[in-house]
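Each chain is listed here by its residues.
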Amino acid sequence: MPIKKYNPAQIEAKWQKIWQLKKIFNARDLSKKEKKFVLAEFPYPSGAGLHMGHLRPYVAGDVYSRFLRMKGFETLYPIGWDAFGLPAENYALKMGVHPSITTKKNIANAKKQMLSWGLSFDWSREINTTDPDYYKWTQRLFLQFYKAGLAYEATGLINWCPKDKTGLANEEVIDGRCERCGTAVIKKELRQWYLKITAYAEKLLEGLKNLPEWPQAVKLQQENWIGKSVGAEISFDVIPSASEESLKVGSLRDPSTSVGMTNYIILHGRNGSPDSHTFPWLRKSLEDKGYKVQAPALPNAEEPDDEEQADYVVKKCEINENTVIIGHSFGGVVALRLLERGIKLKKVFLLCTPYSGKFLDNKKRASVTKACKKGFDFKKIKENASDFGLLYDTTDYVVPMSDGESFAEKLETNVIKIKGAEPHLSGLEEPGVLKEVSPSIEIFTTRPDTIFGATYMVVAPEHPLIENFKAQITNFKEVRKYVEKAKQKAEMERTAEGKEKTGVELKGIKAINPATKEEIPVWVADYVLWGYGTGAIMAVPAHDSRDFEFAKKYHLSIVQVVQTDIIEAESAATEYGIVINSGKFNGLKSEEAIPKMAEEFGKMAVQYKLRDWVFSRQRYWGEPIPLIHCEDCGVVPVPDKDLPVKLPNVKKYEPTGTGESPLANMTSWLKTKCPKCKKMAWRETNTMPQWAGSSWYWLRYADPKNSKKLADMKKLKYWQPVDVYFGGMEHTTLHLLYSRFWNLFLYDQGLVTEREPYKKRQPHGIVLAADGEKMSKSRGNVVDPQEIVKGFGADTLRMYEMFLGPHELSVSWNDQGVVGVKRFLDRVWEWGNLVISNKKQVTSNTEKAEKLLHRLIKKITEDIENFRFNTSISSFMEFHNQVKGETVDREYLQVFLKLLYPFAPHIAEELNEMLGGKKSLQLEAWPEFDPQKLSDALTDIVVQINGRVKGKVRLSPEASEDEVKAKALELPAVKQALVQETVKRAIYIKGRLINLVI
RNA sequence: GGGCGAGUGGCGAAAUGGCAGACGCAAUAGCUUUAGGAGCUAUCGAGAGCAAUCUCAUGUGGGUUCGAGUCCCACCUCGCCCACCA
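Worth saying up front: this structure is predicted, and the values here are computed from it rather than measured.

A closer look at the overall build of chain A
- Tallying secondary structure elements over chain A gives 33 helices and 37 strands in all.
- In chain A, buried positions account for 54% of the 998 residues.
- In chain A, of all internal contacts separated by at least 6 residues, the share reaching a separation of at least 24 is 74%.
- If you sum the accessible surface of chain A, you get close to 45,100 Å²; carbon and sulfur atoms cover 50% of it.
- Considering chain A, the positive charge centre built from 144 side chains and the negative charge centre built from 129 side chains are found 6 Å apart.

Here you go:
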């Protein structure tokens, strides 16, 4: 009987249709069976279609899912489309086709490709991030962040891609370039929405410890990205340095001659005077630091009138733009009245200043209450002072902390809570207050043990100290020039390797090293980064190589304070050692000195490299941020009932490049009503980044059509977490980090049942072209998977893709290699047909065939469980090479087809049907092996002499050492070796090997 | 500069510390075919030898072990990630 030719095109189309019709891959919610959730990263549907790189995780997930279903698990293997993003929009710009249209077309094409590969997705759960029914929930979750205080708007220097004309998150900048288009990223000062991922830095780090099934490399990469450092925060006082002139007359510092420098006015409160409370001490302390201080005795201190006292201050005190007012209690009210009058001040400190006019002790203070009831004109107040400091006492029993919080809200700042020496900050000495009111530079260091060696300080060019001390810095012109230049430089330039360090000293001010009490110079240099730590450092040139390099160049002093084993003449000694030249700390080891010195001079603190996530994009094709700006109510979230905020159809999606979204031109969409006060208001015009929709998508698969919730809680509980997540290494510090963050947050909000979303992460290597280079259009080395399907069939494509190499390693595609797999499938087809068409019913299999089959079951099962697909394919080939001469029955063939099914499902189904199988192999149980049938009665045991193979003896694998040894000694090669030697020792590995030591 | 990973035939690669190179590609010879292709059979790390066989071989150099591609140390090369991160 002629054998029908193997025709992959025909049988593949046939089975793909049957699978779809019977919906056999659809997962059942809340099934009694144990569940498995297999996930592969959903694709961005680009115009070029899916490529070889997509195939790898999808086929791996498919093999695994088909295997799990046969193993009896309720298996969910879903798919969807991550369809918002720049390429669709850029294409739209070029061709004038709306992104929704190109996206639709691309999805249809990608889906066709996936179906042609025979992937067993549950298509009933298909999702699309650009579908309003989906992004309604993306918006809703954003508001959840907003309401929890984890989404905030702030102006800052952000990464900006000049080509894509949008802001970028830190994670989207790869080697100083835009992750999407490769353009060098610049820094731009912009008002942006941020998600406070830093609030989850510790949780993201901690969570990694509970992910034993994640590859170490992925965990390490996330750990490094979060970048936790433990060290100390230490404050260095800043003082005006002696001017040239004052030096001439011999006095160190004469405050009266320092024109334009910071000066202080202390305003006492009700029932106070310049000589009461902490004021004399505070005054002396500030004067000791070199500042001019005025402290008027205000009129009618017993029952004060705010306006009268303000008049008095104007009359009696010298006030200019560099004046800092410290207003204690009612004195703070007076300071605010000055600002209301249009008097410009540098900074105002409110110390326990009343706001409500109500007191915790319920006593009446009529004059104070009266003044408070008048209210404050905060608009004017904010206009006239550049900065505020709100210091409130946690032990105060008169003025409530809520008064401080009210001021904080109106003045858009935070309350600094201090435990006073006496309640209401009225002790004779209040060091907490002094620390806050006197200018200082906060630094972070991991080496507080070297503080005695801090011989200068460096601030980043963006540090506000520079502007704050504008008046005192004598070489300000030079400084400003340096700062401007540094800000203009692209990040890449600034951090370029081997670049020589530059900087300018801030002449006219000095810092005081809190350990040595010495005055040290302050520099600005761009080797200190504004974005990390506090944007300022104490420089210890003896023990930090960067500081060393800088100190050498600018001839700054170098003081060694740690003795290390390694003697280094021309570089810094950065290792731990024994502390020296450090007073009472001498002799301590660095490890011991670090916590001790941190406590002495500051406090232990933790810093992370992770930055908050810049979450707004100035582009069209993304989820609109669901917020409304109202003149009276401020930022108001769109109420749930009005979600989704649909992306409007616009004619022009051209990015403006100004930092405004194209949506800003859509007046009709832009104008809306404030949900709170119903007055006219404006919509937020920024859209969300690419990564928003994918930050929660796996949750939606549990219940993709739910219109009431992002997913039903019971269904979530059944399906979560993802058991295996297939995806690329490139998402480690992008999607994978972001989605863990969202999930951890949603867990804290009680919206999901699992802390961590993915139990196991299975990364895959890149599929390279035959030349070992990345496949790319420009190189012309792209292999289109559809060409392989056309030429050889999907089963060949799938198996070859798996056969290329280990799943997690990069592999090179080799066109010639494909035929090897095709040949194998041809032979399987032929062999199958031979067994099926055998007229004489074979009733038993040969012993050898039995052994081969049970070994294969064991091997394939273990390989799939460990994602070693490449060796599975080898084993199939090896099996086939050995079994083809043996006689086997039909059941035997069926077991083989079950094993083959996850890898090459079409051919397996077809042969199974020809064999008389009535149902899909998917519904069959996975074969079990019989351990009894794995080995032969006799086996070859290797005989070695001194570890070198001399021969083999054929014995039972259960043979004893003596038996094996006796037989081994009979081998001619062994006899010959033993002519002049004797066996000193024998090592026997049961059933495998004997080594004779002579 | 820091972290992680990898170096095995002409190529992709395999090998719980136990026969290195399974499996596949390419190559060579033969059979088959009008030819090309495809298929089938055999050979296929290097060197020596008529041969049985022997010697050398897993980036380099040491070490541990009865025995090392595998474990340890140092070095070299490549890849990835981070990077003036205080």
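Some thoughts on the protein's contact with RNA strand B
- Lining the immediate surroundings of RNA strand B are 46 residues, of which Thr446, Lys501, Arg546, Arg992 and Asn995 lie closest.
- Contact between RNA strand B and Arg827: a phosphate oxygen at 3.2 Å from a side-chain N or O atom of the residue.
- Take Glu878: an N or O atom from its side chain is 2.9 Å from a sugar or linking oxygen of RNA strand B.
- Elements that contribute at least two residues to the surface near RNA strand B include exactly helix 7 (216–226), strand 17 (440–445), helix 27 (818–836), helix 29 (869–883), strand 34 (939–945), strand 35 (948–955), strand 36 (985–989) and strand 37 (993–997).
- Counting residues per element, the surface near RNA strand B draws most heavily on helix 29, at 6 residues.
- Residues of the surface near RNA strand B, tallied by class, amount to 18 nonpolar, 14 polar and 14 charged.

Details of the nonpolar core
- Ranked by size, the top nonpolar core spans 163 residues in total, and within it Phe142, Trp613, Met799, Trp813, Phe876 and Phe896 carry the most contacts.
- Top contributing element to this core by residue count: helix 2 (residues 52–70), with 10 residues.
- Beyond its immediate chain neighbours, meaning those up to four positions away, Phe876 contacts Met799, Phe824, Leu856, Ile860, Phe896, Leu899, Leu900 and Phe903.
- In terms of nonpolar packing, the next biggest core, distinct from the first, is built from 70 residues, Leu351, Tyr482, Val561 and Phe601 among them.

Side note on the sheet that holds strand 1 (residues 35–40)
- Taking strand neighbours across the sheet as the criterion, the 4 strands line up as 2-1-30-31 in an open arrangement whose pairing is parallel. Looking at the sheet topology across the chains shown, the edges are occupied by strand 2 (74–76) and strand 31 (761–764). Recorded for the sheet is a direction-independent mean angle of 20° between the axes of neighbouring strands.
- Here 3 bridges tie strand 1 to strand 2, and the two strands are oriented parallel to one another. Opposite Phe37, over in strand 2, you have Leu76 as the bridge partner.

A few points about the environment of Pro957
- Relative to the elements of secondary structure, Pro957 occurs in the loop between strand 35 and helix 32 (961–968).
- For the pair formed by Pro957 and Ser367, sequence separation is 590 residues and the distance between their alpha carbons is 102 Å.
- Once residues within four sequence positions are removed from consideration, Pro957 is found in contact with Asp936, Ala937, Leu938, Thr939, Lys990 and Gly991.

Focus: the sheet that holds strand 9 (residues 186–195)
- Spatially, 6-5-9-25 is the arrangement adopted by the 4 strands of the open sheet, whose pairing is antiparallel. Two strands in the sheet have a free side with no partner beyond their single neighbour: strand 6 (166–168) and strand 25 (613–614).

Quick word on the confidence of the model for chain A
- When pLDDT is averaged across chain A, the result is 89; 96% of the residues are at 70 or more.
- The ipTM assigned to the predicted complex is 0.94, against a pTM of 0.88.

A closer look at the side chain of Thr323
- Relative to the helices and strands, Thr323 is located in strand 13 (residues 323–328).
- Using a relative accessible area of 0% as the deciding quantity, one classes Thr323 as buried.
- In this structure the side chain of Thr323 is engaged in a polar contact, spanning 3.1 Å, whose partner is the side chain of Asn263.
- Beyond its immediate chain neighbours, meaning those up to four positions away, Thr323 contacts Asn263, Ile265, Glu318, Leu345, Lys346 and Lys347.

Observations concerning helix 26 (residues 794–803)
- Burial analysis of helix 26 places 9 of its 10 residues in the buried class, which makes it a mostly covered element.
- Where helix 26 is concerned, the buried positions are Ala794, Asp795, Thr796, Leu797, Arg798, Met799, Tyr800, Glu801 and Met802.

Some details on the environment of Ala986
- Within the element layout of this structure, Ala986 appears in strand 36.
- In this structure, the C-alpha to C-alpha distance between Ala986 and Tyr725, residues 261 residues apart in sequence, is 49 Å.
- Among residues more than four places away in sequence, those in contact with Ala986 are Glu961, Lys965, Ile994, Asn995 and Leu996.

Brief notes about the packing of aromatic side chains
- All told, the structure shown has 57 aromatic pairs when counted by the stated rule.
- Measuring from ring centre to ring centre gives 5.9 Å for Tyr58 and Phe121, while their planes differ by 80°; the resulting arrangement is edge-to-face. With Tyr58 in helix 2 and Phe121 in the loop between helix 4 (99–116) and strand 4 (127–128), this residue pair connects regions lying 63 residues apart in the sequence. For the residue pair Tyr58 and Phe121, the accessibility class agrees, reading buried in each case.
- Grouping aromatic residues by their ring pairs yields a cluster made of Phe142, Phe145, Tyr146, Trp193, Tyr200, Trp613, Phe615, Trp691, Tyr738, Phe741, Trp742 and Phe745.
- The aromatic ring of Trp19 is capped on one face by Arg66, whose charged end is 4.5 Å from the ring centroid.
- Seen from the ring of Trp214, Arg740 lies directly overhead, with NZ or CZ sitting 5.9 Å from the centre.

Some points on the pattern of salt bridges
- One pass over the structure, following the stated rule, counts 54 salt bridges.
- Residue Glu206 pairs with Lys209 through a salt bridge whose shortest N-O separation is 2.9 Å.
- The partner of Arg283 in a salt bridge is Glu287, and the shortest N-O contact between them spans 3.2 Å. Of the two residues, Arg283 and Glu287 both sit in helix 9 (residues 279–288), 4 residues apart, roughly one turn of that helix.
- Classification of Arg283 as partly exposed rests on a relative accessible area of 30%.
- When salt bridges with common partners are traced through the structure, they connect Asp306, Glu307, Asp311, Arg337, Glu340, Arg341 and Lys374 into a single cluster.

Section: the side chain of Arg337
- Looking at the element boundaries, Arg337 is found in helix 11 (residues 330–340).
- Those residues in contact with Arg337 that sit more than four places away from it in its chain are Asp306, Glu307, Ala310, Ala371, Lys374, Gly375 and Phe376.

Description of a nonpolar patch on the surface
- Among the surface-exposed residues, Val230, Met604 and Val606 lie close enough to one another that they form a single nonpolar patch of about 220 Å² accessible area.
- The class of Val606 is partly exposed, set by a relative accessible area of 37%.

Considerations on the packing of helix 7 against helix 24 (residues 735–748)
- For the pair helix 7 and helix 24, interaxial distance at closest approach is 11 Å and the crossing angle is 75°. Classified by the angle their axes make, helix 7 and helix 24 are roughly perpendicular. Listed contacts from helix 24 to Val218, Gln222, Trp225 and Ile226 of helix 7 are Leu736, Leu737 and Arg740.

Each value, and the rule that gives it
- Residues numbered from 1 in each chain as written.
- Chains lettered and ligands numbered in written order.
- Predicted model: local features only at pLDDT ≥ 70, side-chain atom pairs only at ≥ 80, totals over all residues.
- Heavy atoms only, no water.
- Helix = DSSP H or I, 4+ residues; strand = E, 2+ residues; numbered from the N terminus.
- Buried < 20%, exposed > 50% of the residue type's maximum accessible area, 1.4 Å probe, protein only.
- Contact = heavy atoms within 4.5 Å.
- Areas by Shrake-Rupley, 256 points an atom, 1.4 Å probe, with all protein chains shown as cover.
- Lys, Arg positive; Asp, Glu negative; His and termini not counted.
- Charge placed at Lys NZ, Arg CZ, Asp CG, Glu CD.
- Near = heavy atom within 4 Å.
- Polar contact = N/O pair within 3.5 Å; in protein donor to acceptor, adjacent residues only side chain to side chain.
- Nonpolar A, V, L, I, M, F, W, Y, C, P; charged D, E, K, R; others polar.
- Core = buried A, V, L, I, M, F, W, Y, C linked by side-chain atoms within 4.5 Å.
- Pairing = 2+ DSSP bridges.
- Axes fitted to C-alpha atoms, helices over the stretch in contact; angles between N-to-C directions.
- pLDDT = per-residue confidence, 0-100.
- Phe/Tyr/Trp six-rings, centres within 6.5 Å; stacked < 30°, edge-to-face > 60°.
- Lys NZ or Arg CZ within 6 Å of the ring centre and 35° of its normal.
- Salt bridge = Lys/Arg side-chain N within 4 Å of Asp/Glu carboxyl O.
- Patch = residues over 30% accessible without salt bridge, like charges linked within 9 Å, V, L, I, M, F, W, Y side chains within 5 Å.
- Parallel < 35°, antiparallel > 145°, perpendicular 65-115°, else oblique.

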